[in-house]
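Residues per chain, in single letters:
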Amino acid sequence: MDSQTLMMLSEKYLANTYARYPVLLVKGKGTRVWDLEGEEYLDFVSGLAVCNLGHCHPKVVRAIQDQAEKLIHVSNFYYIEPQIQLASLLCKHSFADKVFFCNSGAEANEGAIKLARKYAKEKSGGNRYEIITMEQSFHGRTLATLTATAQEKFHKGYEPLMPGFKYVPFNDIQAVRNAIDPKTCAVMLEPIQGEGGVNCPSEGYLKALREICDEKKLLLIFDEIQVGMGRTGKLFAYEHDGIEPDLLTLAKSLAGGVPIGALLTKKEIADSFRPGDHASTFGGNPLATAAGVAAFTTLLEEGMLENCQKMGDYFLSQLEAIQKKFPFAKEVRGKGLILGIELNIDGSSIVKEMLRKKILINCTMGKVLRFLPALIVTREEIDRVIKALEEVFRGIT
Ligand SMILES: *Cc1c(COP(=O)(O)O)cnc(C)c1O
């Protein structure tokens, strides 16, 4: 079937939840993807920070193949070898002692919300359940995580929302202090906001949040679903600030492209979950966790964090150079290889222009171009994107 026919069938049979670009992708390798007609694209979206190792990394492909031949699924009634391996790896390389596996980011955040409530009720004796989240946040699309997401545009039509969330502006410590009351049990945020426009914490903000949470006995929940697993140049974004969260959620790139989610925490907190309290049929299944083990070891062994830091710095400086040349380009933000450039104008037409040049980029919040290349990206590839972007920008002024 040709791509026109397939796109028609897509409109006919798939729920109308995505505004898609007219491209049908069939193959990927490293930083490149190909459409049905064989046209090659340079991918600076990476499945929205899922394909951090690049598309179809051979070690991940091999792990999936090997595992698929051995065992694809059993129930969590039984011990699963790769699940144990991935949990050990995560704990060995993070602040955490224990991991709960699930299948997506939203599900990981659901788990964090449930655990925070349960822990607080057990420990405080009182009725503590409220979670403070940040404006422009994004935590997922289930009813609880949608409510945690402090952006009205995602709420419309789904009311009544879940009780138990309070919103404050990002980067405003006093607002957090003011929002805390006897019902508060946790503060939840992305250490860098992705969907919200690549918003970075100001100096000392995360540390101050840690101090408030310690002082008021609240749990600090970091949603690193987008920025974890090397995206910022460190394995976890919290490492940049010399602090540790109490709960950490991961998903996106954790299994090299296979669906997975994870909730990481300290033993004392994790133990508020007892057998039967929380579960997921596919959570930590052999296939996803085998892919996760391969993805994790590859990320650590192949110098990807170093490349991310180096290429991130280079890309940032190149974007800043462009920003200075065009008055409609307001600000460049980000860390490592999650970078954004905020415009005064609509960014979606720029994404389309870049697509015409066979480069995939993303736009969020209408006006922020977001760049999420694989961590193996090269200087030449960044140069190509910068050159194309400059050409598109020049066409606007
Ligand atoms: C993508 C994302 C989610 C939601 O993950 P899903 O797998 O789509 O449910 C939650 N939080 C952040 C920060 C994300 O980037």
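Residues numbered from 1 in each chain as written. Predicted model: local features only at pLDDT ≥ 70, side-chain atom pairs only at ≥ 80, totals over all residues. Heavy atoms only, no water.

### Some words on the nonpolar core
So, point 1. Membership of the largest hydrophobic core comes to 82 residues, with the highest contact counts inside it found for Val 187, Leu 189, Phe 315, Leu 369, Phe 371 and Phe 393.
So, point 2. By residue number, the principal contributor to this core is helix H12 (residues 304-325), which donates eight residues.
So, point 3. Each residue touching Leu 189, except ones within four places of it in the same chain, is listed here: Met 134, His 139, Phe 170, Tyr 205, Leu 206, Leu 209, Leu 220, Ile 221, Phe 222 and Asp 223.
So, point 4. Counting 22 residues, the second-largest nonpolar core is a separate cluster that includes Ala 108, Tyr 119, Ala 144 and Leu 219. (Core = buried A, V, L, I, M, F, W, Y, C linked by side-chain atoms within 4.5 Å. Buried < 20%, exposed > 50% of the residue type's maximum accessible area, 1.4 Å probe, protein only. Helix = DSSP H or I, 4+ residues; strand = E, 2+ residues; numbered from the N terminus. Contact = heavy atoms within 4.5 Å.)

### Quick look at the pattern of salt bridges
So, point 1. According to the stated counting rule, one finds 25 salt bridges in the structure shown.
So, point 2. A salt bridge links Arg 32 to Glu 381, with the shortest nitrogen-to-oxygen separation between them at 3.0 Å. One end of the pair, Arg 32, is in strand S2 (residues 32-35); the other, Glu 381, is in helix H14 (residues 379-396), with 349 residues separating them in the sequence.
So, point 3. Since its relative accessible area comes to 21%, Arg 32 is described here as partly exposed.
So, point 4. Residues Glu 122 and Lys 118 are paired through a salt bridge, measuring 3.2 Å at the closest nitrogen-oxygen approach. Here the residue Glu 122 and the residue Lys 118 both occupy positions in helix H5 (residues 105-124), the gap between them amounting to four residues, near one helical turn.
So, point 5. You can call Glu 122 partly exposed: its relative accessible area is 38%.
So, point 6. The network of salt bridges with shared partners includes Lys 118, Glu 122, Arg 274 and Asp 277. (Salt bridge = Lys/Arg side-chain N within 4 Å of Asp/Glu carboxyl O.)

### Brief notes about the confidence of the model for the chain
So, point 1. This prediction gives the chain a mean pLDDT of 97; 100% of its residues lie at or above 70.
So, point 2. Mean pLDDT values for the elements of the chain range from 96 in H5 up to 99 in strand S8 (residues 219-223). (pLDDT = per-residue confidence, 0-100.)

### Details of the site of the ligand
So, point 1. Around the ligand, the structure places Ser 104, Gly 105, Ala 106, Asn 109, Phe 138, His 139, Gly 140, Glu 190, Asp 223, Ile 225, Gln 226 and Lys 252.
So, point 2. The backbone of Ala 106 places a nitrogen or oxygen atom 2.7 Å from an oxygen atom of the ligand.
So, point 3. With three residues, H5 is the single largest residue contributor to the shell around the ligand.
So, point 4. Counted by class, the shell around the ligand contains three nonpolar, six polar and three charged residues. (Near = heavy atom within 4 Å. Polar contact = N/O pair within 3.5 Å; in protein donor to acceptor, adjacent residues only side chain to side chain. Nonpolar A, V, L, I, M, F, W, Y, C, P; charged D, E, K, R; others polar.)

### Re the sheet that holds strand S4 (residues 98-102)
So, point 1. Taken in spatial order, the seven strands of this open sheet run S4-S10-S9-S8-S7-S5-S6, and their pairing is mixed. Across the chains shown, the open sheet's two edge strands, defined by having one partner strand only, are S4 and strand S6 (165-168). Each neighbouring strand pair of the sheet contributes to a mean axis angle of 20 degrees, computed without reference to strand direction.
So, point 2. Taken together, the four bridges between strand S7 (residues 184-189) and S8 define a ladder with parallel strand orientation. Bridging across to S8, Val 187 finds its partner in Leu 220. (Pairing = 2+ DSSP bridges. Axes fitted to C-alpha atoms, helices over the stretch in contact; angles between N-to-C directions.)

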